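Here is how the chains run, residue by residue.
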Amino acid sequence: MAKAEPRTLFDKIWQNHVVASQADGQQLLFIDRHLVHEGSFHGFNKLKEKQARVSRPDLTFGIVDHYAPTRTRDINQTDPAIAGMITQLEENCRANDVRIYGLNDPRQGIVHVVGPEQGITLPGATIVCGDSHTSTHGAFGAIAFGIGASEVAHVLMTQTLWQKKPKTMRVRFDGTLGLGISAKDMALSMIATIGADGAQGHAIEYAGEAVRALSMEGRLTLCNLSIESGARCGLVAPDMTTVDFLRGRPLAPQGNLFDRATETWLSLGSDDDAEFAREITIDCRDIAPIVTWGISPEDALPISGTVPRPESTADESRSAHIREAIDYMGLKAGQALSDIAVDRVFIGSCTNSRIEDLRAAAAVLNGRKAAVPGLVSPGSSVVKQRAEEEGLDRIFIDAGLEWVDSGCSMCVGMNGDLVPPGERCASTTNRNFKGRQGPKARTHLMSPAMVAAAAVTGRLTDVRDLMGGRA
Amino acid sequence: MKPFISLEAKAAPLPFASVDTDQLIPARFMKRSRSEGYGQYLLYDMRFDGEGRAIADLPLNAENRQGAEILVARRNFGAGSSREAAVYALVDYGFRCVIAPSFGDIFSSNSVNNGLLPARVTEEDAEEILALLEGGHETIAVDLETQEIRLANHVFRFEVEPVWRTKLLNGWDDLDLTASYAADISRYVEADKERHPWLQQTGAD
Ligand code: SF4
């Protein structure tokens, strides 16, 4: 018998889901899990236009997050336009027998935090959501990617999607991370290296010693940011860290079925001689705490760096971008990053709002006062409760930060949690785009520990300077 | 969906890199239903100042660029959020084609699903097209069959995924195609219940 072609993890999961293929290379994929949120209303409207119903309500999950108010859970106390977005999702789900984690559900939270937490996200699955950070779920060894409203409608109606297979790329992180360095720093250094469009058209598999050493929380952060390098998705091969995280999760398989599934999951991985269209290797010893200074996640540098000079590059497009970024961000070329004063901080979002993220920030803030105001929004109501059991809420509150309910909050400001115009925010989120946190708001992305450090000093700060005796 | 075969129309330069979907349609306008139209909110915070006045030196606001159907930008256009509303804003404003060196993947598929052509050119060609527009040229011809862009007496080649090209040329909608595969989907589900029962149901069901 001829030896089977070596395949990548991505290829294996993809091939498992092909329902049909067309001569032009398009393939019809079965979708195992479809997550919907308030923004999915365009998709539901298309469904209504066609007088269709959700084809697999049992594989569709509604979660209130983008517009979730964080200072009250009383819909009547919420801005009517925002409340309308929430009730619209609840009605669309109910009308289609789709289960909904509503505003007052104890399992509510950001869709990419709730999926893994509830065991909706499983290895070997295909997962889509009308949200680009769906790449997060790839941490479990799943093919997970964001889709637009037309595609949401297509999945609602058929539980499938036409796709052309992306190319594969492997990013290997060798060595071990230094103290105070996290998955966020790994991801930002990768994006700074390859560019915000560096992985366009590719699915990234993260591998190497440092990735294996990451907890599920860290892997979720890493995969979350795949989209900021332009990748369609990112994934990590399942191992015992994955299995241990899933055991006992409400919607994960139980009992014998869990054992059977585990066998399949642990067999998923790229074959030794599988070929990737591209491979890059990053040495973790070279990774320092990273901050962004500009208006694209690729505008990222170690905290010891300085704001770039437009004339430092001969590339006209790049130097125009640097000028535009410096102007928008209100910075000076050549200025030390550690001299940049911030007006507020935000800890939250699907990138960094899980329990480990809160612990990392709290470790820095413990017994200290924040020099600037700030908001801490846990990724889910489950994370919130856990953090309160551990007393983390007290640390944030005692430092002078606001401890609020879960949702997308200041990551995108749809619920009204905004950075005021012209203000500068040190943020654990994923996008420093112009206006992302509010019109004219200025965002610096960094890890939770780095945001905590910025809160303490009131400027961008190397967290390692504040870590004596803490970790 | 309306097919896209060729187009000769006014073009507007947008000489920025990484014009993300948050800029194309700021989040605060996304509560509206599509029937209200998204065109007026396209690039809102770039086109208007804090008082809602049009920013005069933005080429897109110039008199001679009104009615433009082709937009020319720098690399990484449409990166970021999967919001299809970004494409609605472009289409409702009147654009039918965006020319740039690279596009966000999700943005590209959203574009094609709305009959908007994402035409990929080299960085050098994008710079040259931008320079020609800034030099006063106004009209561009885009031919999807030959994958050519004509401007003044220059011809530039553009790339687009073959699958998307076919879809745009024919104005196809995925749903029509999928309907013919209903039996294959049922067969897949039956087989997968055996292979991966935990995927075809959830633990609590
Ligand atoms: S937290 Fe931010 S990035 Fe994540 S799903 Fe919500 S809005 Fe999107």
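Rules of the game
Residues numbered from 1 in each chain as written. Chains lettered and ligands numbered in written order. Predicted model: local features only at pLDDT ≥ 70, side-chain atom pairs only at ≥ 80, totals over all residues. Heavy atoms only, no water. Pairing = 2+ DSSP bridges. Helix = DSSP H or I, 4+ residues; strand = E, 2+ residues; numbered from the N terminus. Axes fitted to C-alpha atoms, helices over the stretch in contact; angles between N-to-C directions. Buried < 20%, exposed > 50% of the residue type's maximum accessible area, 1.4 Å probe, protein only. 1 Å grid on protein atoms, 1.4 Å probe; cavity = no way out; pocket = protein on both sides within 12 Å on 5 of 7 lines; lining within 4 Å. Points joined across faces, edges and corners; volume = space filled by probe spheres on them. Nonpolar A, V, L, I, M, F, W, Y, C, P; charged D, E, K, R; others polar.

Undergrad: What exactly am I supposed to notice about the sheet that holds strand S9 (residues 167-174) of chain A here?
TA: The strands making up a sheet are joined through hydrogen bonds of the backbone, oriented either antiparallel or parallel. All names here are of chain A. In spatial order, the strands read S11-S10-S9-S12; together these 4 strands make up an open sheet with parallel pairing. Both outer strands of the open sheet, strand S11 (233-235) and strand S12 (278-283), are each paired with one neighbouring strand and no more. Pairwise comparison of adjacent strand axes, ignoring direction, gives a mean angle of 20° for this sheet. As paired elements, S9 and strand S10 (residues 202-207) share 6 bridges and run parallel to each other. Within S10, the position partnered with Lys 167 by the bridge is His 202.

Undergrad: Sorry if this is basic, but what is going on with the pairing of strand S18 (residues 424-427) of chain A here?
TA: Residues in a regular strand point their side chains to alternate faces of the sheet. Residue and element names in this part refer to chain A. Covered by surrounding structure in S18 are Arg 424 and Ala 426 together with Cys 425 and Ser 427, the residues of both alternating faces. Note: strand S15 (residues 344-347) against S18, 3 bridges, orientation parallel. When the sheet's bridge partners are listed, Arg 344 is paired in S18 with Cys 425. Where S18 and strand S19 (residues 442-445) come together, 4 bridges link them in parallel fashion. The partner of Cys 425 across the bridge, within S19, is Thr 443.

Undergrad: How do you make sense of empty space enclosed by the protein when you look at a structure like this?
TA: It is a probe the size of a water molecule, rolled over the atoms, that shows where empty space is left. On inspection of all chains with the given rule, the structure shows 2 cavities of 30 Å³ or more. Volume-wise, the largest cavity comes out at about 400 Å³. His 37, His 66, Gly 130 and Asp 131 of chain A together with Ser 81 of chain B are the residues nearest the centre of the largest cavity, which is lined by 34 residues in total. Elements with a minimum of two residues in the lining of the largest cavity: helix H2 (41-49), helix H4 (111-118) and helix H5 (149-158) of chain A. Looking at the lining of the largest cavity, its residues break down into 14 nonpolar, 14 polar and 6 charged. Volume-wise, the second largest cavity comes out at about 140 Å³.

Undergrad: I would appreciate a short explanation of the sheet that holds S18 of chain A in the present structure.
TA: Residues and elements named next belong to chain A. Taken in spatial order, the 5 strands of this open sheet run S17-S16-S15-S18-S19, and their pairing is parallel. Sheet topology places strand S17 (402-403) and S19 at the edges, where each strand pairs with a single neighbour. Here S15 pairs with strand S16 (residues 374-376) via 3 bridges, running parallel. Note on S16: the bridge partner recorded for Ile 347 is Val 376.

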